[in-house]
Amino acid sequence: MAAAHFTLNTGARVPSVGLGTYKAAPGVVTDVVGAAVKAGYRHIDCAPLYKNEKEIGVALKKVLDDGVIHWPFQVKKGTEISPENFVQPDIPKTWQAMEQLYDSGKARAIGVSNFSSNKLGDLLGVARVPPAVDQVECHLGWQQAKLRAFCRSNGVHLSAYAPLGRMKDVASNPVVSSIAESLGKTPAQIALRWGLQQGQSVLPKSANESRLKENIDLFDWSIPEELCAKLSEIKQAKQIKGDSFVHPQSVYKTYEELFDGEI
């Protein structure tokens, strides 16, 4: 059975199922987070980019367990993501600031997000405190086999945002729906349970209280190995490409440069 927590390379533990809050409307997110906590969630993904941290803070007594570099990208301090504000990212210098955060005790682990195997490898080569987490898009339709293997071999926990992919595609996939029917589960539960069985935490998003409960009901059953093998045959296509960061004025002129060909 998948564990309710994963242990990071710092010794800190991260709940294996969390709540994604990207695009959760400020007028709604406080109630959603409150309902999620009531349902048993203890892992909430948030970021300044989401523009709803104040409301999340109303629902939670804010404690930072794990801070991450959100993208391998940089803009002028205090500005929005726009071509005129792009600057050359200095990942080693940014990571040194993250290490100071960890040293201060204000974060129990530090990590990155949207880092390819190459970018993560480069960081591991210079880091004094190695990243504990790489939070990336990962779901049945974009399984990230290369990155998952790299993270596993280097002691970095992979955390999956958008773990349901496009839900309509998951629900209509004949392999997923067949496995869901055979196990008496929903397609969403199959997608999430698959992630846990790969050793990664998952961060599904929902504002529906019944789905919040469904998405965390993953621990007293499993997908048999032979059925997991069928899920690995699903056609792969990346959905979240970091459009804001690929531009002629950016350090990344193409998606291939941003993801080092892992696309």
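About the criteria used
Residues numbered from 1 in each chain as written. Predicted model: local features only at pLDDT ≥ 70, side-chain atom pairs only at ≥ 80, totals over all residues. Heavy atoms only, no water. Helix = DSSP H or I, 4+ residues; strand = E, 2+ residues; numbered from the N terminus. Rg over C-alpha atoms; globule rule 2.2 N^0.38 Å. Buried < 20%, exposed > 50% of the residue type's maximum accessible area, 1.4 Å probe, protein only. Contact = heavy atoms within 4.5 Å. Areas by Shrake-Rupley, 256 points an atom, 1.4 Å probe, with all protein chains shown as cover. Pairing = 2+ DSSP bridges. Axes fitted to C-alpha atoms, helices over the stretch in contact; angles between N-to-C directions. 1 Å grid on protein atoms, 1.4 Å probe; cavity = no way out; pocket = protein on both sides within 12 Å on 5 of 7 lines; lining within 4 Å. Points joined across faces, edges and corners; volume = space filled by probe spheres on them. Nonpolar A, V, L, I, M, F, W, Y, C, P; charged D, E, K, R; others polar. Core = buried A, V, L, I, M, F, W, Y, C linked by side-chain atoms within 4.5 Å.

## Some words on the overall build of the protein chain
Reasoning step 1: A tally of helices and strands in the protein chain yields 11 helices and nine strands.
Reasoning step 2: By the compact-globule yardstick of 18 Å for 263 residues, the protein chain fits well, its C-alpha radius of gyration being 18 Å.
Reasoning step 3: Taken along the three principal axes of its C-alpha coordinates, the protein chain extends 50 × 40 × 35 Å.
Reasoning step 4: Scored against the burial criterion, the 263 residues of the protein chain give a buried share of 45%.
Reasoning step 5: Partitioning the contacts of the protein chain with sequence separation of at least 6, the portion at a separation of at least 24 is 66%.
Reasoning step 6: About 13300 Å² of surface is accessible on the protein chain, with carbon and sulfur atoms providing 52% of the total.

## Regarding the sheet that holds strand β7 (residues 133-137)
Reasoning step 1: Taken together, the five strands give an open sheet; going across it, the order is β5-β6-β7-β8-β9, and neighbouring strands pair in parallel fashion. The outermost strands of the open sheet, each flanked by one partner alone, are β5 (66-69) and β9 (201-203). Looking at each pair of strands side by side, their axes are set apart by 30 degrees on average, direction ignored.
Reasoning step 2: With three bridges connecting them, strand β8 (residues 157-161) and β9 associate as parallel partners. Counted as the bridge partner of A160 is V202 from β9.

## Focus: empty space enclosed by the protein
Reasoning step 1: Within this structure, the stated rule accounts for one cavity of 30 Å³ or more.
Reasoning step 2: In this model, the largest cavity occupies a volume close to 70 Å³.
Reasoning step 3: Around the largest cavity sit N114, F115, S116, V136, E137, W142, Q144, L147, Y161, K238, F259 and E262, which together line it.
Reasoning step 4: Among the residues making up the lining of the largest cavity, the classes are represented as six nonpolar, three polar and three charged.

## A short note on the nonpolar core
Reasoning step 1: Formed by 52 residues in total, the largest nonpolar core has its most connected members in L19, W95, I190, I223 and L231.
Reasoning step 2: No other element matches the six residues that helix α8 (residues 187-197) contributes to this core.
Reasoning step 3: In this structure, I223 is in contact with I179, L183, I190, R193, W194, Q197, C228 and L231, ignoring residues within four places of it in sequence.

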